[in-house]
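Survey of secondary and tertiary structure
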Amino acid sequence: FDGWRWSMLVVRAGFWGMITLCWVSVFIPVLRSFSRYGKLASGAEVGNGRRAMKLFNHPALYIPSSLGFKLFYTWLLIFNSLLLVEVSYLSYSGKPLCILAILYAFDQPCSAQPQLEIHSLTVSVLLEFHAVRRVYECWKVHRFSGTSMQHVTVSAGGIAFYILAALSPLVDPGVICPLVPRGKLWPLVPGILLFLVGSYHQHKCHKILAQLRRGPERRYGVPFGDWFQIVSCPHYLSEIIIYASFAVISETATQWVCVLWVASNLVITGLRTHHWYIKKFPGYQSLGRKAIIPFLI
């Protein structure tokens, strides 16, 4: 295996490890507690549990959700921007810099000038747009409840995921001497359209949620409008669509494993959120909404 293949295997292993932890957390109370955030980790729940869990579920290990989301989306923006700078330098000089040099440390020399892989570059650029929008929303759109918290492991997991997400288009198929030349450009069109659809609806749904919390107490309410008419968590559905668009563009197994992680995490969280709505608001079930996937889940 050359360097990019080792890097690809490490990134895939990271995604599979997160997928495994995600599903195991459904059955293990300690891990389930770690994975809660937002309304699912309200102040009333923090610190509760059996004695064996209290140390890991201590209030000191929770941070405001506003801080956590700002932290890992800002990290994504900074890290992905650095990668794009390195890719630009690579295209100019033919030599990798710090991060790319580590990724391709064991590469065999290219027989010609290294060429950028257009599908990988497109995914990286779209991820940059996604990061910019999410950072803007965290600072200017979201109105987090005062009781909205997240465990520090959620923040750490978010940072780890975005490292893998930013690296995935650069290691499979890679930007230096791709194993198989890619000539098909048609996946770019449906992929970019999917990305735009997912981004538009996610932004719109985030604005709807923010409008519910205009008062000083910023209480939770039942959202209406856009995809909220059919599912409880359309912003999660939009996130899955966004990452699916990257997989459509890249046509790589690594990107589809990334989608599997995003879908696993958000389907589980979406189901928990859906049940929270049912418990919190009497008559919510009469709205006929599914949790996250229209007409299915």
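What you see is a predicted model, and the numbers here were worked out from it, not measured in a lab.

Applying the stated criterion across every chain, the model contains 16 aromatic pairs. Here a set of aromatic residues connected by ring pairs shows up, and it is made of Phe15, Phe69, Phe72, Tyr73, Phe161, Tyr162, Phe195, Tyr243, Phe246 and Trp261. One residue, Lys70, lies across the ring of Trp139, its end atom 4.0 Å from the ring centre. The ring of Phe224 has Arg289 sitting right over it, with the charged end atom 4.9 Å from the ring centre.

With that settled, the discussion passes to helix 9 (residues 234-250). Helix length check: helix 9 (17 residues) gives 25 Å between terminal C-alpha atoms against 24 Å at 1.5 Å per residue, within 8%. Counting buried residues along helix 9, 16 of its 17 residues qualify, which places the element largely inside the surrounding structure. Positive phi shows up at Glu251, right after helix 9, with a value of about 55°.

Take the pattern of salt bridges next. Should their charged atoms come close, side chains of opposite charge can pair. Using the criterion set out here, one finds three salt bridges in the structure. Here Glu137 and Arg134 are joined by a salt bridge, their closest N and O atoms 2.6 Å apart. One end of the pair is Glu137 and the other is Arg134, both in helix 6 (residues 118-141) and three residues apart, which spans about a single turn. Through salt bridges that share partners, Arg133, Arg134 and Glu137 make up one connected network.

When pLDDT is averaged along the chain, the result is 82, and 80% of the positions lie at 70 or above. Here residues 43-47 is a poorly scored stretch, pLDDT under 50, and it has 12 contacts once near neighbours within four places are set aside; other chains count.

Quick look at the environment of Leu296 now. By secondary structure assignment, the location of Leu296 is in the segment after helix 10 (253-280). Since its relative accessible area comes to 65%, Leu296 is described here as exposed. Linking Leu296 and Val231, residues 65 residues apart in sequence, is a C-alpha distance of 9.9 Å.

As for its placement among the helices and strands, Arg143 is situated in the loop between helix 6 and strand 3 (149-151). Overall, the relative accessible area of 31% leaves Arg143 in the partly exposed class. Along the primary structure Arg143 and Lys207 are separated by 64 residues, whereas in three dimensions their C-alpha atoms are 9.3 Å apart. From its side chain, Arg143 meets the backbone oxygen of Ala210 in a polar contact 3.1 Å long.

This brings us to the packing of helix 4 (residues 65-93) against helix 6. At a minimum axis separation of 9 Å, helix 4 and helix 6 run at an interaxial angle of 150°. The angle between helix 4 and helix 6 falls in the class roughly antiparallel. Crossing angle aside, the handedness with which helix 4 passes helix 6 is left-handed. Residues Phe69, Lys70, Tyr73, Thr74, Leu76, Leu77, Asn80, Ser81, Leu84 and Val87 of helix 4 pack against Leu121, Ser124, Val125, Leu127, Glu128, Ala131, Val132, Arg134, Val135, Cys138 and Trp139 of helix 6. Class assignment for the residues of the contact of helix 4 with helix 6 results in 14 nonpolar, four polar and three charged.

Of all hydrophobic cores here, the largest spans 56 residues; its most connected members are Phe161 and Tyr243. Those elements giving two or more residues to this core turn out to be helix 1 (3-24), helix 4, helix 5 (98-103), helix 6, helix 7 (152-174), helix 8 (188-211), helix 9 and helix 10. Here this core takes nine residues from helix 9, the largest share from any one element. Not counting chain neighbours up to four residues away, the residues in contact with Phe161 comprise Phe15, Met18, Tyr243, Cys258, Trp261 and Val262. One finds Val222, Phe228, Tyr277 and Phe281 within the second-largest nonpolar core, a separate group that totals 10 residues.

To continue, consider the side chain of Glu137. For Glu137, a relative accessible area of 0% corresponds to the buried category. Among the polar contacts made by the side chain of Glu137, one reaches the side chain of His206 at a distance of 2.8 Å. When near neighbours in sequence (up to four residues on either side) are disregarded, Glu137 contacts His142, His203 and His206.

In this section: unusual backbone geometry. A negative phi angle is the norm for most residues apart from glycine, just as the trans form is the norm for most peptide bonds. A positive phi is found at Asp226, a non-glycine position, where the angle reads about 50°. Summarising the element assignment, Asp226 is placed in the loop between helix 8 and helix 9. A residue is classified by how much of its surface remains accessible, and Asp226, at 21% relative accessible area, is partly exposed. Positive phi values are uncommon outside glycine, yet Phe295 reaches one of about 70°. Looking at the element boundaries, Phe295 is found in the segment after helix 10. When its relative accessible area of 73% is taken as the criterion, Phe295 is described as exposed.

Calculation rules
Residues numbered from 1 in each chain as written. Predicted model: local features only at pLDDT ≥ 70, side-chain atom pairs only at ≥ 80, totals over all residues. Heavy atoms only, no water. Phe/Tyr/Trp six-rings, centres within 6.5 Å; stacked < 30°, edge-to-face > 60°. Lys NZ or Arg CZ within 6 Å of the ring centre and 35° of its normal. Helix = DSSP H or I, 4+ residues; strand = E, 2+ residues; numbered from the N terminus. Expected span 1.5 Å × (residues − 1). Buried < 20%, exposed > 50% of the residue type's maximum accessible area, 1.4 Å probe, protein only. Salt bridge = Lys/Arg side-chain N within 4 Å of Asp/Glu carboxyl O. pLDDT = per-residue confidence, 0-100. Contact = heavy atoms within 4.5 Å. Polar contact = N/O pair within 3.5 Å; in protein donor to acceptor, adjacent residues only side chain to side chain. Axes fitted to C-alpha atoms, helices over the stretch in contact; angles between N-to-C directions. Parallel < 35°, antiparallel > 145°, perpendicular 65-115°, else oblique. Left-handed = near helix turned anticlockwise from the far one by under 90°. Nonpolar A, V, L, I, M, F, W, Y, C, P; charged D, E, K, R; others polar. Core = buried A, V, L, I, M, F, W, Y, C linked by side-chain atoms within 4.5 Å.

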